[in-house]
Number of protein chains: 4
Amino acid sequence: MKLNLLIPIVAGSLLSIPALAQHKQIQLPPEATEVWEPEPRKVTPGEENHLPPSDAIVLFDGSDLSAWKSYKTGGDAEWSVHDGIFTVAAGKGDIATKESFGDVQVHIEWKAPDVVKGDGQGRGNSGLFFMDRYEVQILDSYDNRTYSNGQAASLYKEGIPLVNATRPHTEWNTYDVFFTAPRFNEDGMLIRPAYVTVIHNGILVQNHYEVKGSTAYIGVHQYEPHEAELPIKLQDHGNPVNFRNIWVRKL
Amino acid sequence: MKLNLLIPIVAGSLLSIPALAQHKQIQLPPEATEVWEPEPRKVTPGEENHLPPSDAIVLFDGSDLSAWKSYKTGGDAEWSVHDGIFTVAAGKGDIATKESFGDVQVHIEWKAPDVVKGDGQGRGNSGLFFMDRYEVQILDSYDNRTYSNGQAASLYKEGIPLVNATRPHTEWNTYDVFFTAPRFNEDGMLIRPAYVTVIHNGILVQNHYEVKGSTAYIGVHQYEPHEAELPIKLQDHGNPVNFRNIWVRKL
Amino acid sequence: MKLNLLIPIVAGSLLSIPALAQHKQIQLPPEATEVWEPEPRKVTPGEENHLPPSDAIVLFDGSDLSAWKSYKTGGDAEWSVHDGIFTVAAGKGDIATKESFGDVQVHIEWKAPDVVKGDGQGRGNSGLFFMDRYEVQILDSYDNRTYSNGQAASLYKEGIPLVNATRPHTEWNTYDVFFTAPRFNEDGMLIRPAYVTVIHNGILVQNHYEVKGSTAYIGVHQYEPHEAELPIKLQDHGNPVNFRNIWVRKL
Amino acid sequence: MKLNLLIPIVAGSLLSIPALAQHKQIQLPPEATEVWEPEPRKVTPGEENHLPPSDAIVLFDGSDLSAWKSYKTGGDAEWSVHDGIFTVAAGKGDIATKESFGDVQVHIEWKAPDVVKGDGQGRGNSGLFFMDRYEVQILDSYDNRTYSNGQAASLYKEGIPLVNATRPHTEWNTYDVFFTAPRFNEDGMLIRPAYVTVIHNGILVQNHYEVKGSTAYIGVHQYEPHEAELPIKLQDHGNPVNFRNIWVRKL
């Protein structure tokens, strides 16, 4: 029926469609494959690409840590803000965002401590945690061998980065990270894992990496069910790592 | 230009397309979204769904182990063939297919030893290995608690099955497994992980599971680069597990 | 043996481990990679694999259509139940489940009309719709050429099955389908597509296929945001296709 | 058995593990989850992130089009090089890289024509083609509505970008694209689709997008089997779009 209705419509036009009988694809106006809805909303990029676009939630713009709290106490984040950057205050503990996030794009810039000190995991160690548990490692991995799944831009104790793109300790590193949150069913079983893509200083180092579970220093990573949105966390690992220009976009 | 060429063609036809100006999708013959090539080749299913279809490579049809070799010696597979089935001959070692495989569908049926003996990993233990290293666990997990990532239909020491669908030791279990092989780049870095889907007795227990690396009894699973096609292996874990009706299809 | 090798390493306390200094992986007890929680709940498979397991929601067991309603009117499903099967009553319209579903495993058995009649899309046409919009095609594709993305086990007007595994019209076909629902963000943009795996008569024909959008007879498939759970639908395409033994499991 | 053997081994050490008997995970040295091989090779990032890193293949550094050829004739690429940039020479046809690529990271910068002219698809139109067929659209989409799946950063006539991040015609746009090539089996059936991630001016707009098939102006996109590596192409759509700073990295 539908065919009968349509044939007379098209016949007589350019198409004349003997093609149909031979099961060939008929030539059609290109408008047939245009999709007009939804229209993507407009976002104004930053003046330079590393600066926050118009829809970003700015987590640090150089002035203060008002978007953060102490992870342990829930009180003020007591890391050191100075010269438009902030620095881990060893012993003050991790800091976490006041806001919670699920699927996000994160831009963060970090620089190893001013004085090179320690080796391996002991040199310029911090970490960027998604959902309070999935860690992208921050480490001064410039000329500083450690285990491959623990170097800068690794999913800590999980995913080895494709290459080592770390800049020397006098330069700022950037991470652009796309994180999508995991899903669990009613049994608490994992239905969809988390994924992470990491670009380190403009270089792809984790490409749609499937996260294996909650980051653990000791033992195998396992998933455990959790909320759909949770804070982002930065780690106090005892080294005065520097940070600046942090922003996120909800995906 | 293309638009100009097409508008006169279509205008005057049924469409008359004032729609175009309003950016609406024009109505088109349904043939526009028909795709005729390639034509999927015909496969005749088995008389029943668990029997080998016409394009299957049969690895055991009840008669002999001619498709298999001893994994250790490369000589004959010395497991015991009897009554149209075969049974692990403890101490004879693993057996491997003579043919190599990359992406495959595997159907395999197994039954726990006739006498229930041992506990946990000690009861009815064997394993189905893809590419000589990625193990789908075979275990008598009926009323036999062990670690969740080591029970029947787990990716051994990796992926917990969604549910426990094991039949009692007097009944045959079936696995239908879809395996896609991993890829590595020239640096030996993993570009695409392996994936496994497992249906246990008709029940989905692993859904497009991303394999973490080579199965290991001890230590964290890691990928190491390997050939594109490798044998399938069955494990001698010292328990007289029974097998029948094994076939594969190259995907 | 592995255990014996481990004794000297681990005994005498963990931390002397000279291996450490050489950056080698230390040998550890195999328990280190056991994961005991969560424990998968037990499901009793059907007596045969195609019969409903203990956690299935049975949509048709041969007796009546009480799990279904008329899609158009919302009233009773008026298809014909007889001899333990049911048959499309041409003109009565589609039928839909009373219950809604998101991620599901579906088992369904269908048989072409008793009399072979018509060609191409006109022969034994029906359809299995997930979430009221994503169609796995049902068609008598045995010796009945049509467009490849419209034959049995295609994602209709989208995904061509890997092979044609259709049985002749005198035999029952089975589909085992694993469907995972799409997700949309607050803008209504697609964040995660739907996926479908289809096993046709025991043969893998769609492997974690990414659905392109809502099935459409005319025009390009596009996603539109919708609820997280929606009914499953069977299509009245005017042909007396037969059904039996339908069950689903929520994933 | 293994448990019994291990308890005495580990007991007496730091852990004392009564946990074992209750099937809990034993505490182990953190070294157990360190992975030292492979060691990611070192890559020196560009002085700024948008500049080519040490392992990049530079396709345009401001001087000449020696990395490119005319797509139609295979002879010299005849687009206009000036002021450290190059510009589409309308009518000279598409240009393609001399080298072929499979999985790649691509950085490209483009700017709409100096004079704003035309509307919709007619304004500042070009395209970045992977493998000679998969197009990421280039278009002056700043205040220039067209169909959503045809605007800047769309997979042309396929994938709508998550947001519209286009800069005005006086500014340079950047695309950072991660492309992974599709795979086909011996039947010519698609085994693994292509994926594309696109970052537009620092903003994620395509996240591991599954490509539907070869880009087509008319008709539905379908896959057809092709070589594992093929040139990258830039489109002459008749508009003098400007380009600079193009580099790729093989993944």
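These numbers were taken from a predicted model, which means no experiment stands behind them.

Focus on the overall build of chain A
So, step 1. When helices and strands are tallied, chain A shows one helix and 15 strands.
So, step 2. When each of the 251 residues of chain A is scored for burial, the buried share is 63%.
So, step 3. Residue pairs at least 24 apart in sequence account for 63% of intrachain contacts in chain A once pairs closer than 6 positions are excluded.
So, step 4. When the accessible surface of chain A is summed, it comes to about 9,600 Å², and 51% of that surface belongs to carbon and sulfur atoms.

Here's the deal with the sheet that holds strand E8 (residues 134-138) of chain B
All names here are of chain B.
So, step 1. Sheet architecture is open: five strands sit in the order E2-E5-E14-E7-E8, paired in antiparallel fashion. Edge positions in the sheet fall to strand E2 (68-70) and E8, since each has one partner strand and no second.
So, step 2. Sheet topology note: the strand E5 (residues 95-97)/strand E14 (residues 233-234) ladder contains two bridges and is antiparallel. Looking across to E14, one finds that Ile95 is bridged to Leu234.

Re the interface of chain C and chain B
For interface size, the figure often reported is the accessible area lost on association.
So, step 1. Contacts between the two partners involve 59 residues from chain C, matched on the other side by 57 residues from chain B.
So, step 2. Both sides together, the interface formed by chain C and chain B hides about 5,000 Å², and carbon and sulfur atoms give 56% of it.
So, step 3. At the junction of chain C with chain B, the criterion picks out five salt bridges.
So, step 4. Between C:Lys42 and B:Asp143 there is a salt bridge, and its shortest N-O distance comes to 4.0 Å.
So, step 5. Taken together, the connections running from chain C to chain B amount to 32 residue pairs in polar contact (both at pLDDT 80 or more).
So, step 6. Secondary structure elements with two or more residues in the side of chain C that touches chain B: helix H1 (2-10), strand E9 (173-180), strand E12 (195-200), strand E13 (203-210) and strand E15 (242-250) of chain C.
So, step 7. Counting residues per element, the side of chain C that touches chain B draws most heavily on E13(C), which supplies four residues.

Notes on the side chain of D:Thr174
So, step 1. For D:Thr174, the position within the fold is in strand E9 (residues 173-180).
So, step 2. Judged by relative accessible area, which is 7%, D:Thr174 ranks as buried.
So, step 3. Only 2.7 Å separates the side chain of D:Thr174 from the side chain of A:Asn49, close enough to count as a polar contact.
So, step 4. Those residues in contact with D:Thr174, other than ones at most four positions away along the chain, are A:Asn49, D:His107, D:Ile108, D:Glu109, D:Ile199, D:His200, D:Asn201 and D:Gly202.

Some words on the side chain of B:His226
So, step 1. Inspection of the secondary structure assignment puts B:His226 in the loop between strand E13 (203-210) and E14.
So, step 2. There is a polar contact of 2.7 Å between the side chain of B:His226 and the side chain of B:Tyr134.

Remarks on the pairing of strand E6 (residues 104-111) of chain C
All names here are of chain C.
So, step 1. Counted residue by residue, E6 has eight buried out of eight residues, so it is predominantly covered.
So, step 2. The alternating pattern of E6 places Val104, Val106, Ile108 and Trp110 and Gln105, His107, Glu109 and Lys111 on opposite faces, both of which are buried.
So, step 3. Here E6 runs beside E9; their pairing, made up of seven bridges, is antiparallel. Paired with His107 across the two strands is Asp176, which belongs to E9.

Here's the deal with the relation of the copies chain C and chain B
So, step 1. Mapping chain C onto chain B calls for a rotation angle of 180° and an axial translation of 0.0 Å; the resulting RMSD is 0.0 Å. Considering both components of the superposition, the chain copies are consistent with a two-fold axis. Within chain C, C:His208 has its C-alpha nearest the rotation axis, a separation of 3.4 Å.
So, step 2. Looking at the interface residues of chain C, 97% of them are also at the interface in chain B, so both copies use one shared face.

Here's the deal with the pairing of E12(C)
Residue and element names in this part refer to chain C.
So, step 1. With six of six residues buried, E12 lies mostly within the body of the structure.
So, step 2. Here E9 pairs with E12 via six bridges, running antiparallel. Paired with Thr180 across the bridge in E12 is Tyr195.
So, step 3. With five bridges connecting them, E12 and E13 associate as antiparallel partners. Each bridged residue has a counterpart across the sheet, and for Val198 the counterpart in E13 is Gln206.
So, step 4. Linkage of E12 to E13, two consecutive antiparallel strands, is achieved through a turn of two residues, within which Asn201 is found at a positive phi near 55°.

What to know about the sheet that holds strand E14 (residues 233-234) of chain A
All names here are of chain A.
So, step 1. Reading across the sheet, the five strands line up as E2-E5-E14-E7-E8 and stay open at both edges, with antiparallel pairing between neighbours. The sheet terminates laterally at strand E2 (68-70) and strand E8 (134-138), the two strands that pair on one side only.
So, step 2. The pairing of strand E7 (residues 126-130) with E14 spans two bridges and is classified as antiparallel. By the bridge assignment for E14, Phe129 is matched with Lys233.

A short note on the packing of aromatic side chains
So, step 1. For the structure shown, the criterion picks out 44 aromatic pairs over all chains.
So, step 2. Measuring from centroid to centroid gives 5.7 Å for B:Trp110 and B:Tyr175, while their planes differ by 70°, and the two rings are edge-to-face. Remark: B:Tyr175 occurs in strand E9 (residues 173-180) and B:Trp110 occurs in strand E6 (residues 104-111); sequence separation between them is 65 residues. Per residue, the accessibility class of B:Trp110 equals that of B:Tyr175, and both read buried.
So, step 3. Within the aromatic cluster, the residues linked to one another by ring pairs are A:Phe130, A:Tyr134, A:Phe179, A:Phe184 and A:Tyr223.
So, step 4. For A:Lys233, the ring lying beneath its charged end belongs to A:Phe129, and the centroid distance is 4.5 Å.
So, step 5. Sitting over the ring of D:Tyr71, D:Lys233 keeps its end group 4.3 Å from the ring centre.

Notes on the pattern of salt bridges
So, step 1. The final tally for this structure, using the stated rule, is 67 salt bridges over all chains.
So, step 2. Taking the shortest distance from any N to any O, the salt bridge between A:Glu78 and A:Lys92 comes out at 3.9 Å. With a gap of 14 residues between them, A:Glu78 in the loop between E2 and strand E3 (80-82) and A:Lys92 in the loop between strand E4 (85-87) and strand E5 (95-97) connect regions that are remote in the sequence.
So, step 3. A salt bridge links B:Lys250 to B:Glu99; the shortest N-O distance between them is 3.6 Å. Of this pair, B:Lys250 sits in strand E15 (residues 242-250) while B:Glu99 sits in the loop between E5 and E6, and the two are 151 residues apart along the sequence.

Section: the environment of A:Ser141
Residues and elements named next belong to chain A.
So, step 1. Relative to the assigned elements, Ser141 resides in the loop between E8 and strand E9 (173-180).
So, step 2. Put simply, Ser141 and Gln121 are 20 residues apart on the chain and 8.9 Å apart in space, counted from C-alpha to C-alpha.
So, step 3. Those residues in contact with Ser141, other than ones at most four positions away along the chain, are Gln151, Ala152, Asn164 and Thr166.

Regarding a negative patch on the surface
So, step 1. A cluster of acidic residues, A:Glu47, A:Glu48, D:Glu47 and D:Glu48, forms a negative patch at the surface.
So, step 2. You can see A:Glu47 is positioned in the loop between helix H1 (2-10) and strand E1 (57-60).
So, step 3. By relative accessible area, A:Glu47 is classed as exposed at 75%.

A word on the confidence of the model for chain A
Residues and elements named next belong to chain A.
So, step 1. For chain A, mean pLDDT is 90; residues scoring 70 or higher make up 89% of the total.
So, step 2. Confidence drops under pLDDT 50 across residues 1-23; counting only partners more than four residues distant or on other chains, this segment forms 25 contacts.
So, step 3. Interface scoring of the predicted complex returns ipTM 0.90; its pTM is 0.87.

A short note on unusual backbone geometry
So, step 1. Geometrically, the link from C:Glu37 to C:Pro38 is a cis peptide bond, its omega value of -5° lying close to zero.
So, step 2. Tracing the chain through its elements places C:Pro38 in the loop between H1 and strand E1 (57-60).
So, step 3. Even without being a glycine, A:Met131 presents a positive backbone phi close to 50°.
So, step 4. Tracing the backbone shows A:Met131 in the loop between E7 and E8.
So, step 5. A:Met131 sits in the buried class, given a relative accessible area of 2%.
So, step 6. Of note, the phi angle at D:Asp83 is positive, near 55°, even though the residue is not glycine.
So, step 7. For D:Asp83, a relative accessible area of 72% puts it in the exposed group.

Quick word on the environment of C:Ser148
So, step 1. Tracing the sequence through the fold places C:Ser148 in the loop between strand E8 (134-138) and E9.
So, step 2. With sequence-adjacent residues up to four places away left out, C:Ser148 is seen in contact with B:Val35, B:Trp36, B:Glu37, B:Pro38, B:Glu39, B:Pro40, C:Ser154, C:Ile160 and C:Pro161.

Looking at the environment of A:Val104
All names here are of chain A.
So, step 1. Mapped onto the elements, Val104 comes out in strand E6 (residues 104-111).
So, step 2. Taking the C-alpha atoms as reference points, Val104 and Leu65, separated by 39 residues in sequence, lie 20 Å from one another.
So, step 3. Val104 has contacts with Phe130, Val177, Phe178, Phe179, Arg249, Lys250 and Leu251, leaving out every residue within four places of it along the chain.

How each quantity is defined
- Residues numbered from 1 in each chain as written.
- Chains lettered and ligands numbered in written order.
- Predicted model: local features only at pLDDT ≥ 70, side-chain atom pairs only at ≥ 80, totals over all residues.
- Heavy atoms only, no water.
- Helix = DSSP H or I, 4+ residues; strand = E, 2+ residues; numbered from the N terminus.
- Buried < 20%, exposed > 50% of the residue type's maximum accessible area, 1.4 Å probe, protein only.
- Contact = heavy atoms within 4.5 Å.
- Areas by Shrake-Rupley, 256 points an atom, 1.4 Å probe, with all protein chains shown as cover.
- Pairing = 2+ DSSP bridges.
- Buried area = accessible area lost by both parts, 1.4 Å probe.
- Salt bridge = Lys/Arg side-chain N within 4 Å of Asp/Glu carboxyl O.
- Polar contact = N/O pair within 3.5 Å; in protein donor to acceptor, adjacent residues only side chain to side chain.
- Least-squares fit on C-alpha atoms with pLDDT ≥ 70 in both.
- Phe/Tyr/Trp six-rings, centres within 6.5 Å; stacked < 30°, edge-to-face > 60°.
- Lys NZ or Arg CZ within 6 Å of the ring centre and 35° of its normal.
- Patch = residues over 30% accessible without salt bridge, like charges linked within 9 Å, V, L, I, M, F, W, Y side chains within 5 Å.
- Lys, Arg positive; Asp, Glu negative; His and termini not counted.
- Charge placed at Lys NZ, Arg CZ, Asp CG, Glu CD.
- pLDDT = per-residue confidence, 0-100.

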